[in-house]
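# Structural description and commentary
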Amino acid sequence: MGQKQSKDEAGVQVVNIKRREDALNVYPDSITNQSERPLSTSTDQKNTTSTDTTDSAVTQSGNMIEAVVGEAKDFKDGHMQEVEVGDQKVLLVKEDGSFYAIGNKCTHYGAPLSKGAYCKGVVRCPWHGACFNVKTGDIEDFPGLDSVQKFQVEVKDGKVLVRADPAALENSKRVKPMVKKSSDNNKTVVLIGGGPASVVCAETLRQEGFTGKIVLVTRETALPYDRIKLSKALSIKPEEIALRNKDFYDSHDIELKLNTEATKIVPSEKKVELQDGHSLKYDTLVIATGGQPRLLPIPGADLKNVYTLRTPQDANAIAENSHGKNVVIMGSSFIGMEVAAFLADKAASVSVVDLVQVPFQLTLGQELGTHMKQMHEGKGVKFYFDTSVKEFKGEDGKLTEAVLANGTVLPADVCVMGVGVVPATNVLKDSGLELTPRGFVTVNKNMRTNIPDIYAAGDIVEFPLFIANNQQANVQHWQMAHQHGKIAGLSIAGKAQDIHSVPYFWTVQYGKSIRYAGYGPGYDDIILHGDVDDNKFVAFYTKNETVVAVASLGWDPIVSQAAELMSKGGVIKKDDIKSDPDNWVSKLCTL
């Protein structure tokens, strides 16, 4: 296949190599949760009946399904393979001479794990980077909450036999066993915030044997939900995207205080004061209040139909009032562009205003940003760059126009401010917690703050990021908030682990999903392979001679492979990917 390399005006080295033929197609990332059967809480599928040794590839033994999935000699060490057990797909892995079998569907969105990245006993989902231990089926990195099923494997007469419970084959999700509250444990853990950091922390505590009281406080009126879906599907209802249902929290003794705002923390008294005048005593406190939309001091910003997007109520109001109307979106990063994609075929017009030159410029760079701009323009979205909204005008208290700094006047029935978030840390005023000049909470590798028995997690923290030489970093990714919650929970349970997670995010627009892994701030070059116009490319962001981040569209599972390599301490050098984007992938098998 011919190669052509050049250097464009933005300093991007473009290598025109079509994607490899075995690459996965772009996945149709679902928006709503898949229908679920009741979750299994078993950790293994055991069988006490004798093995049926007929020549049939699939047999029934007692209540178990048994399947001969191949000759042992045909499986390579350190590799994974999708096999059939009954009418379901199972992931079979051979590692250090032993065989392991787990469910093949990622518990987040159902991606086939066999198409993901594998290294040293861990398989990483090709879509969004969740990681599962192939020996136990346990989830080790996120997003998603549930583990996968684990099945028995036996080598008999040179053949590999997988044995599974039919119910476990049907239901890919499994909840790790959890303890309940015990009357003889008077310890209390209070979690402030209703996002994934709090939920994962609470579940981790119960999984690791904490039998004290757990109280989750959130000012939200809905059960903790998948917030990042709001900008992708504005009309979605909170119950459709709930992380867990009410029965789950009740059955595991996780107390929820919804519509309850924490207003002050008093570490000297180990209490949290609430807006309703009550207070909560704690032995350990976890602060995971997340971000709040940045508000700009623009005249007229208090007019009706000028929105920020933070809650399902915000999203639903934007969707309802935008149909057939003129919409102005401030900001061309994730929230702004995902909202634009959702409204493009519903609003009368969609106009995006930003100070930068192309969408996602700071994250993805000029070349890919230009591609995203063209994708949106093809759907009728108009862009106004190198400017900002100077003033909102309205009639009878309702928005009618947005006046830009360059003098342009845009008709505007609705405006969405998607100009970033700031840490929601007002509750920490006078608490004594160490904050950065930007208002983030400083934590160590175990998510501990400077005050004993107080932890912080999620978007409000700066923590030591191992792939950035342990410099303090603020990573506002859905995946990372999950991991923060897990690390905080382990620390509180007396099983402390240092955080060791590679940042991973994605954005979905017009059915196309760009995935990104690594930590790109400060990159000085981009090596781009593929055909951007054909929506099939991979971009390597480099600093000096090292790849610090990878983004792709239509080139799965390369981002997950890069994330797994980085997680295991591997390094991709610039020379590795100048001519062949896959040249380094073989390193995964040798780490």
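Residues numbered from 1 in each chain as written. Predicted model: local features only at pLDDT ≥ 70, side-chain atom pairs only at ≥ 80, totals over all residues. Heavy atoms only, no water.

## Looking at the overall build of the protein
- Check the secondary structure of the protein and you find 10 helices and 41 strands.
- Among the 591 residues that make up the protein, the fraction classed as buried is 58%.
- The long-range share in the protein, meaning contacts at least 24 apart out of those at least 6 apart in sequence, stands at 61%.
- Carbon together with sulfur atoms contributes 45% to the accessible area of the protein, which is approximately 24,300 Å² in total. (Helix = DSSP H or I, 4+ residues; strand = E, 2+ residues; numbered from the N terminus. Buried < 20%, exposed > 50% of the residue type's maximum accessible area, 1.4 Å probe, protein only. Contact = heavy atoms within 4.5 Å. Areas by Shrake-Rupley, 256 points an atom, 1.4 Å probe, with all protein chains shown as cover.)

## Topic: the pattern of salt bridges
- Evaluation of the coordinates by the stated rule reveals 31 salt bridges.
- Across the pair K89 and E82 runs a salt bridge, and its minimum N-O distance is 4.0 Å.
- The exposure class assigned to K89 is partly exposed, which follows from its relative accessible area of 40%.
- With a relative accessible area of 34%, E82 lands in the partly exposed category. (Salt bridge = Lys/Arg side-chain N within 4 Å of Asp/Glu carboxyl O.)

## A look at the packing of aromatic side chains
- Scanning all chains against the criterion turns up 8 aromatic pairs.
- Taken together, a centroid distance of 5.2 Å and an interplanar angle of 15° make the contact between F383 and F385 stacked. For the residue pair F383 and F385, the accessibility class agrees, reading buried in each case.
- Among the aromatic residues, those joined into a ring-pair cluster are F334, F360, F505, Y516, Y523 and Y541.
- Note that R244 overlies the ring of F248, its terminal NZ or CZ placed 4.2 Å from the centroid. (Phe/Tyr/Trp six-rings, centres within 6.5 Å; stacked < 30°, edge-to-face > 60°. Lys NZ or Arg CZ within 6 Å of the ring centre and 35° of its normal.)

## A look at the sheet that holds strand β36 (residues 471-473)
- Strand order across the open sheet formed by 3 strands is β33-β35-β36, with mixed pairing between neighbours. The sheet terminates laterally at β33 (441-442) and β36, the two strands that pair on one side only.
- Inspection of the sheet shows β33 paired to strand β35 (residues 461-465) by 2 bridges, in the parallel sense. By the bridge assignment for β35, V441 is matched with V461. (Pairing = 2+ DSSP bridges.)

## Re the nonpolar core
- Counting 73 residues, the largest nonpolar core has V190, I265, L285 and I287 as its most contacted members.
- Among residues more than four places away in sequence, those in contact with V190 are V215, V217, V272, L280, K281, Y282, T284, L285 and V286.
- If you look at the next biggest cluster of nonpolar residues, it comprises 47 residues, including I241, A315, F383 and V416. (Core = buried A, V, L, I, M, F, W, Y, C linked by side-chain atoms within 4.5 Å.)

## A look at the state of the cysteines
- Overall, the coordinates contain 0 disulfides when judged by the stated rule.
- Here C125 stays free of any disulfide, with the sulfur of C106 as its closest cysteine sulfur at 3.8 Å.
- Among the residues examined, C125 registers a relative accessible area of 2% and is labelled buried. (Disulfide = S-S within 2.5 Å.)

## Considerations on the sheet that holds strand β20 (residues 271-274)
- Pairing in this open sheet of 3 strands is antiparallel, and the strands run β19-β20-β21 from one edge to the other. Each edge of the open sheet carries a strand with a single partner, namely β19 (262-266) and β21 (279-281). Between one strand and the next, the sheet's axes are offset by a mean angle of 20°, whatever the strand orientation.
- The pairing of β20 with β21 spans 3 bridges and is antiparallel. Across the sheet, V272 pairs through a bridge with L280, a residue of β21. (Axes fitted to C-alpha atoms, helices over the stretch in contact; angles between N-to-C directions.)

## Digging into empty space enclosed by the protein
- For the structure on display, the rule yields 1 cavity of 30 Å³ or more.
- There is about 50 Å³ of room inside the largest cavity.
- Together, P293, R294, T308, L309, I335, M417, G418, V419, G420 and V421 line the largest cavity. (1 Å grid on protein atoms, 1.4 Å probe; cavity = no way out; pocket = protein on both sides within 12 Å on 5 of 7 lines; lining within 4 Å. Points joined across faces, edges and corners; volume = space filled by probe spheres on them.)

## Side note on unusual backbone geometry
- Cis geometry is found at the peptide bond from F142 to P143, where omega equals 25°.
- With respect to the helices and strands, P143 occurs in the loop between β11 (139-141) and β12 (147-148).
- With phi around 55°, D157 is a residue other than glycine that occupies positive phi space.
- The residue D157 is located in the loop between β13 (150-156) and β14 (159-164) in this model.
- The phi angle at N259 is positive, at roughly 55°, despite the residue not being glycine.

## Digging into the environment of I265
- By secondary structure assignment, the location of I265 is in strand β19.
- For the pair formed by I265 and V427, sequence separation is 162 residues and the distance between their alpha carbons is 6.6 Å.
- Leave out the neighbours within four places in its chain, and I265 touches I192, K271, Y282, L285, I287, V427, L428, S431 and I454.

## With respect to the side chain of T211
- Inspection of the secondary structure assignment puts T211 in the loop between α2 (196-207) and β17 (213-217).
- At 3.0 Å, the side chain of T211 forms a polar contact with the side chain of N185.
- If near-sequence neighbours (up to four positions away) are discounted, T211 is found in contact with V179, K180, K181, S182, N185 and R206. (Polar contact = N/O pair within 3.5 Å; in protein donor to acceptor, adjacent residues only side chain to side chain.)

## Overview of α2
- For α2, built from 12 residues, the straight-helix expectation of 16 Å at 1.5 Å per residue is met to within 8% by its first-to-last C-alpha distance of 16 Å.
- The buried fraction of α2 amounts to 11 of the 12 residues, a majority that puts the element mostly inside the structure.
- Close packing links the buried residues of α2 with β16 (188-192), β17, α3 (246-251), β18 (254-257), β22 (284-287) and α8 (478-492).
- Immediately downstream of α2, the backbone of G209 shows phi near 95°, a positive value. (Expected span 1.5 Å × (residues − 1).)

## Quick look at the pairing of β17
- Counting buried positions along β17 yields 4 of 5 residues, so the element is predominantly enclosed.
- Of the strand pairs in this sheet, β16 and β17 are connected by 5 bridges, and their pairing is parallel. Its bridge partner being in β17, V190 is matched across the sheet by V215.
- Crossover β16 to β17 through α2 is right-handed.
- For β17 and β18, the ladder comprises 4 bridges, and the chain directions are parallel. Within β18, the position partnered with V215 by the bridge is E255. (Right-handed = clockwise from strand over helix to strand, strands pointing away.)

Keep in mind these values describe shape, not function.
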